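What follows is the residue order along each chain.
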Amino acid sequence: MLETASHNPLTVGLSSTLLPEPCTVVIFGGAGDLSRRKLLPAIYNLMLDGVLPANFAIVGFARTDLDDAGFRALARKGIETHSRRPLDERAFADFEKNLFFVRGPFDEEGSYRALSKRLDEIEPGCGVPGNRIYYLSVPPSAMGVCVEQLQHAGMIRPHEGRPFTRIIVEKPIGNDLASARALNAAIASGFHESQVFRIDHYLGKETVQSLMAIRFANAIFEPLWNQKYVDHVQITVAEEEGVGTRAGYYEEAGALRDMVQNHILQLLCVTAMEPPWALTADVVRDHKLEVLQCLRPIAGRDVERFVVRAQYGPGFHHGVDVPGYRREAGVTPDSTTETYVAIRCFVDNWRWAGVPFFLRTGKRMPRRASEIAVQFKDVPPILFNADASNPLESNVLALRIQPDEGLSLRIATKLPGPKVRIYPVKMDFRYGTTFGDQSPEAYERLLLDVMAGDATLFMRRDAVEASWIWVTNVLESWTQSGSRWLPEYPAGTWGPLEAEKLIQAENRKWRTL
Amino acid sequence: MADALDGEVEEKRLARPIDVAAVERELGRLWSDGGANGIDEDPVTRACMSNLVVYCGDPREAGPLPEEIAHITERHPSRVLLLVGNAGAQQMDLEAHVSAVCYLAGGGRQICSEHVTISAQGEAARRLPSTARSLLIGDLPTALWWTPAEPPPRGADVFSELSEMAGHVIYDSEGWPDPVQGVVAVADWAAADRSETILSDLAWRRLKPWRRLVGQTLDPALAPGALESIDEVVVVHGPHALPKVWLLIGWLARRLGWQPIAAKIEPGVELAWGFESKRGRVRVRVRRLAEGDSSIRRVEISWSGPRGREGATFVREGEGFVAVSREGSPETQRVLARGDLSRAALVARQLPKLFRDPLFRETLEISRTMAEALRR
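Rules and cut-offs
- Residues numbered from 1 in each chain as written.
- Chains lettered and ligands numbered in written order.
- Predicted model: local features only at pLDDT ≥ 70, side-chain atom pairs only at ≥ 80, totals over all residues.
- Heavy atoms only, no water.
- Helix = DSSP H or I, 4+ residues; strand = E, 2+ residues; numbered from the N terminus.
- Rg over C-alpha atoms; globule rule 2.2 N^0.38 Å.
- Buried < 20%, exposed > 50% of the residue type's maximum accessible area, 1.4 Å probe, protein only.
- Contact = heavy atoms within 4.5 Å.
- Areas by Shrake-Rupley, 256 points an atom, 1.4 Å probe, with all protein chains shown as cover.
- pLDDT = per-residue confidence, 0-100.
- Phe/Tyr/Trp six-rings, centres within 6.5 Å; stacked < 30°, edge-to-face > 60°.
- Lys NZ or Arg CZ within 6 Å of the ring centre and 35° of its normal.
- 1 Å grid on protein atoms, 1.4 Å probe; cavity = no way out; pocket = protein on both sides within 12 Å on 5 of 7 lines; lining within 4 Å.
- Points joined across faces, edges and corners; volume = space filled by probe spheres on them.
- Domains from an automatic or database assignment.
- Buried area = accessible area lost by both parts, 1.4 Å probe.
- Salt bridge = Lys/Arg side-chain N within 4 Å of Asp/Glu carboxyl O.
- Polar contact = N/O pair within 3.5 Å; in protein donor to acceptor, adjacent residues only side chain to side chain.
- Nonpolar A, V, L, I, M, F, W, Y, C, P; charged D, E, K, R; others polar.
- Pairing = 2+ DSSP bridges.
- Axes fitted to C-alpha atoms, helices over the stretch in contact; angles between N-to-C directions.
- Core = buried A, V, L, I, M, F, W, Y, C linked by side-chain atoms within 4.5 Å.
- Parallel < 35°, antiparallel > 145°, perpendicular 65-115°, else oblique.
- Left-handed = near helix turned anticlockwise from the far one by under 90°.

Draft legend 1. Spatial organisation of the overall build of chain A. Secondary structure assignment for chain A yields 14 helices and 17 strands. For a compact globule of 513 residues, the expected C-alpha radius of gyration is about 24 Å, and chain A comes in at 24 Å, within 12% of that figure. Along the longest, intermediate and shortest principal axes, the C-alpha atoms of chain A span 75 × 60 × 45 Å. Within the span of chain A, comprising 513 residues, buried residues form 57% of the whole.

Here is the structure:
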């Protein structure tokens, strides 16, 4: 029914899909890799799905020498190569009408005057009532100046009312606690926290979103989801590639900053959080923050006991010789940047007391695979598990994030035949095969959420800083140790011996992915 | 099977018809040893999210169904029971075919669904529901796709029995020969249904892009005051689309609080209805084109705004798009992809729905009121 002028009764019941308001997305770094490979294909697919606002504009903004036509050509190429659905000429013709480009360096006032003027020209023609999203696909060092210039140019509207202004910030949010705080402060000088969307594309993945549903939409898991029944949890993010062309960034970052501080800790939060009392952004994010606050600090001499870092050495990748990290282009020959981290940590609250969480991430591993595996405690050593020399395999609930998003549950069953022989079998569910529809790319979901103003899947400032506090303890310990050498693991293997020892010390073993 | 290309659908079936009682056994054999002419040695994944019972009352209309079903199960793997009745046949006969329909998913895995076709001649057609009942997989949702071009309740006992075993009934009001009678029959059935059956009209699903675009275009942020001030709607459609038009108008009326007050059949091919909104009278005119497919071609919505008469025109463009333009500002024209609106795609999208759609039910009620007004 028609209640107020601002309420749109015609959108009620249309679908569960968010219905965003007409808006302009300004992509800072619009000519870059992320824009071409992910953002433009994502927006195109949203349009094909009919969930994009009817009236929208996409404006690329960068120093690159491009014009509207060049930006449209870049978008076409990006969609042809990276879109999950093929380019449809008719649809693209409509899409590209809404693409524009403004050229200019991010640190010059004149660029923002030109951007503002162009937006004022574009938006009425596109039917956009001034709602703007600034997507900062720029290095962290440029973010502060972008915000400052936007503010100076009067391009940020107050957080209440309409039209809205929102900002999307790509990781990394800082390089340590101090720089993260400084960056957050710079963003906060221009934007209210409710306008800020810190993106972690892992949180847009179907399995990660599904984890909450698995936990809280099924009666059978949540009662077991605690220290009474869970033996331990393993979270793995394995990459196949080496450092590639990102040596400049990676040398400064390393695996702990690049993967653990954001993706892995976010996965840990979704796994360990208490049931939220509502699925609203702040309630969910409050509960995730609590996990970070309960994470036992690892500092001083504990770092050696609980954390393993390593570098990949020479080895094979799909049968081809590949160099070790220190021999990669752009890497210093005596680099101590870690390409692998394994951590044993604990969430010190009532639910998880004493349950170890094993986290690991690395480059040049045998295959690209990310998963969360919850391993349950063994059955008592009687009946089928009476033979101490051949203990039964434990039940494992594994949630695969990539590739082949899905989940599996390992259970013990009896092999057919007169003898009593127990065999572990895997009940396997894959999104790609159970549901015929293609899952949207993470960026599609996340961009749609920003357009609709839903921050549930985005990191809040306090959570980012809490994760940096935890990680910075480890970083500082490493710095103080002054180590000039890291353990090596051959490229194409699952990590160093030290990581095996880390988990074996607890009579457990890493899962083979 | 191994030569199926990525995304291609391939069917392997037993060459000979089998006795209905042997269906489960033959399906089991198909999975366990590939059957006589069935699945080869390549590993396959049997996937099943639902039972899908497809009813077709005339063998002559069953032609496109196997292909459509294959596309449905690619998106929503199911055990499919295709029931083909031929009540007018002289002989009495009931026979079954079983097959596995597979497509190649990523990583070389083949995903297969079970398809069972049961053909009934003559009096045996009455046995189709009971046969289907015995072949449903337990503990899975069951949907009935009613394919005849007549309203499901007109299917009498067969529909009654099949709908009892299904929690979800899918039908298509597009193409009904007598739309007034059809809409009233379905609305009556829905009102009397006490088993919480999910009802899906594919015509309602086809309206989704129209509804989305109308909703977005008339959003208060873009067209302040438009929703409250609409006073005229004109819909132009092809033949056999009247139930769909009623659903579109019914949706607007329901969401905007209009009350139907009168209907008029004007000479030629135009129908008119009057509604009462909070601001006054809303005139709805519906014009049927003599030729073409049964789609909505054009919707014009007008209102009195601060700048005088304003309006938006929504036009079907080609096969896959709906375009909109605002009166006086042609530069704001926008196009929305309608997506794949084939029957198979629509059924596949409806199958995962496990909840009733109250808005559809409410809209159906207004459709009934509009239809009944024409009888007076």
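Draft legend 2. Fine view of the overall build of chain B. Counting its secondary structure elements, chain B contains 11 helices and 17 strands. Looking at chain B as a whole, 59% of its 376 residues qualify as buried. When contacts within chain B are restricted to residue pairs at least 6 apart in sequence, long-range pairs at least 24 apart make up 70% of them. Within the structure as shown, chain B displays about 15500 Å² of accessible surface, and the carbon and sulfur contribution to it stands at 49%.

Draft legend 3. Representation of the confidence of the model for chain B. Averaged over every residue, the pLDDT of chain B is 84; the share at 70 or more is 86%. Two numbers describe this predicted complex: its pTM, 0.77, and its ipTM, 0.76.

Draft legend 4. Looking closely at the packing of aromatic side chains. In total, this model carries 26 aromatic pairs over all chains according to the counting rule given. Measuring from ring centre to ring centre gives 5.9 Å for Trp-258 of chain B and Phe-275 of chain B, while their planes differ by 55°; the resulting arrangement is tilted. Remark: Phe-275 of chain B occurs in strand β12 (residues 270-277) and Trp-258 of chain B occurs in the loop between α9 (242-256) and β11 (259-266); sequence separation between them is 17 residues. Each of the two residues, Trp-258 of chain B as well as Phe-275 of chain B, counts as buried. A network of ring pairs unites the aromatic residues Phe-28, Phe-61, Phe-106, Tyr-112 and Tyr-134 of chain A as a single cluster. Positioned over the ring face of Phe-100 of chain A is Arg-72 of chain A, at 5.4 Å from the centre of the ring. Above the plane of the ring of Tyr-202 of chain A lies Lys-205 of chain A, whose end atom (NZ or CZ) is 6.0 Å from the centre.

Draft legend 5. Geometry of the layout of surface pockets. All names here are of chain A. When its volume is computed, the second largest pocket comes out at roughly 810 Å³. For the second largest pocket, the lining is made up of 31 residues, of which Gln-375, Val-396, Arg-410, Arg-511 and Thr-512 are closest to its centre. Mapped by element, the contributors of at least two residues to the lining of the second largest pocket are β7 (230-238), β13 (369-376), β14 (396-402), β15 (406-414) and β16 (422-430).

Draft legend 6. Structural view of the domain arrangement of chain A. Residue and element names in this part refer to chain A. Per the domain assignment, the segments making up chain A are domain 1 (23-172) and domain 2 (203-379 + 433-439 + 462-504). In this structure, domain 1 and domain 2 have C-alpha centres spaced 32 Å apart. Summed over both partners, the interface of domain 1 with domain 2 comes to about 430 Å²; 44% of that surface belongs to carbon and sulfur atoms. When the buried area of domain 1 at its contact with domain 2 is split by residue, Arg-84, Lys-171 and Pro-172 rank highest and sum to 96% of it. At the boundary of domain 1 and domain 2, one finds 1 salt bridge. Scanning the region where domain 1 abuts domain 2 turns up 1 residue pair in polar contact (both at pLDDT 80 or more). Residues belonging to the side of domain 1 that touches domain 2 are distributed by class as follows: 1 nonpolar, no polar and 3 charged.

Draft legend 7. The arrangement of the sheet that holds strand β5 (residues 165-169) of chain A in detail. Residues and elements named next belong to chain A. In space, the 6 strands of this open sheet follow the order β3-β2-β1-β4-β5-β6, with parallel pairing throughout. Each edge of the open sheet is held by one strand with a lone partner, namely β3 (99-103) and β6 (196-198). Taking the axes of each pair of neighbouring strands and ignoring which way they run, one obtains an average angle of 20° across the sheet. The pairing of strand β1 (residues 23-28) with strand β4 (residues 132-136) spans 5 bridges and is parallel. Each residue of the ladder has a partner; that of Phe-28, found in β4, is Leu-136.

Draft legend 8. Seen up close, the pattern of salt bridges. Residue and element names in this part refer to chain A. Throughout the structure, instances matching the rule amount to 57 salt bridges over all chains. Among the salt bridges present, the one from Arg-181 reaches Glu-465, with a minimum N-O distance of 3.8 Å. Taken together, the residues Arg-181 in helix α6 (residues 177-188) and Glu-465 in helix α13 (residues 461-481) connect sequence positions 284 residues apart. According to the relative accessible area criterion, Arg-181 is partly exposed, its value standing at 40%. Given the relative accessible area of 14%, Glu-465 is considered buried. Measuring nitrogen to oxygen at the nearest pair gives 2.7 Å for the salt bridge that ties Arg-351 to Glu-222. A residue pair is termed long-range when its members are at least 10 positions apart, and Arg-351 in the loop between β11 (340-346) and β12 (356-362) and Glu-222 in the loop between α7 (206-216) and β7 qualify at 129 residues. Taking relative accessible area as the criterion, Glu-222 reaches 17% and is therefore assigned buried. When salt bridges that share partners are traced, they join Asp-282, Arg-285, Asp-286, Arg-460 and Asp-462 into one network.

Draft legend 9. Representation of the pairing of strand β13 (residues 280-288) of chain B in the model. All names here are of chain B. Sheet topology places strand β10 (residues 230-237) next to β13; 6 bridges connect them, and they run parallel. When the bridges of β13 are listed, Val-235 appears paired with Val-286. In this sheet, β13 lies alongside β12 in antiparallel orientation, the contact comprising 8 bridges. Bridge assignment links Trp-273 to a residue of β13, and that residue is Val-284. Two successive antiparallel strands, β12 and β13, enclose a turn made up of 2 residues.

Draft legend 10. Main features of the domain arrangement of chain B. Residue and element names in this part refer to chain B. For chain B, the assigned domains read domain 1 (9-171) and domain 2 (206-373). Contacts between the two partners involve 14 residues from domain 1 and, on the opposite side, 12 residues from domain 2. Taken over both partners, the interface formed by domain 1 and domain 2 buries close to 1100 Å², and the fraction arising from carbon and sulfur atoms is 69%. When the buried surface of domain 1 facing domain 2 is broken down by residue, Arg-75, His-76 and His-168 rank first, second and third, together holding 36% of it. Viewed at the interface, domain 2 and domain 1 are joined by 1 salt bridge. One salt bridge in this structure joins Arg-343 and Glu-68, with 2.8 Å as the shortest N-O distance. Taken together, domain 1 and domain 2 are joined by 1 residue pair in polar contact (both at pLDDT 80 or more). The element best represented in the side of domain 1 that touches domain 2 is helix α2 (residues 65-75), accounting for 5 residues. Here the residues of the side of domain 1 that touches domain 2 are counted per class, giving 8 nonpolar, 4 polar and 2 charged.

Draft legend 11. Representation of the nonpolar core in the model. Core analysis: the largest hydrophobic core is formed by 162 residues, its most contacted members being Phe-28, Ile-343 and Phe-357 of chain A. With 13 residues, helix α8 (residues 247-272) of chain A is the largest single contributor of residues to this core. When we break this core down by domain, the ones giving at least three residues each are domain 1 (23-172) and domain 2 (203-379 + 433-439 + 462-504) of chain A. When near neighbours in sequence (up to four residues on either side) are disregarded, Phe-357 of chain A contacts Val-233, Leu-268, Ala-272, Ile-343, Arg-344, Cys-345, Val-347 and Trp-352 of chain A. With 89 residues, the next largest nonpolar core counts Tyr-171, Trp-204, Leu-218 and Phe-275 of chain B among its residues.

Draft legend 12. Representation of the sheet that holds β15 of chain A within the structure. All names here are of chain A. An order of β16-β15-β14-β13-β7-β12-β11-β8-β17 is seen for the 9 strands of this open sheet, with the pairing classed as mixed. At either end of the open sheet lies a strand with only one pairing partner, and these are β16 and β17 (488-490). Strand-to-strand, the axes of this sheet are offset by a mean angle of 20°, without reference to chain direction. In this sheet, β12 lies alongside β11 in antiparallel orientation, the contact comprising 7 bridges. Bridging from a neighbouring strand, Ile-343 pairs with Leu-359 of β12. Set on the sheet, α7 makes contact with β13, β14 and β15; between it and β14 the angle comes to about 150°.

Draft legend 13. Representation of the packing of helix α1 (residues 33-48) of chain A against helix α3 (residues 89-96) of chain A. All names here are of chain A. Closest axis-to-axis distance for the α1/α3 pair is 11 Å, and the angle between their directions is 115°. The orientation of α1 with respect to α3, classified from their angle, is roughly perpendicular. α1 and α3 meet at a crossing whose hand is right-handed. Contacts between α1 and α3 involve Leu-40, Ile-43, Tyr-44, Met-47 and Leu-48 on the former and, on the latter, Ala-91, Phe-92, Asp-94 and Phe-95. Of the residues contributing to the contact of α1 with α3, the split by class is 8 nonpolar, no polar and 1 charged.

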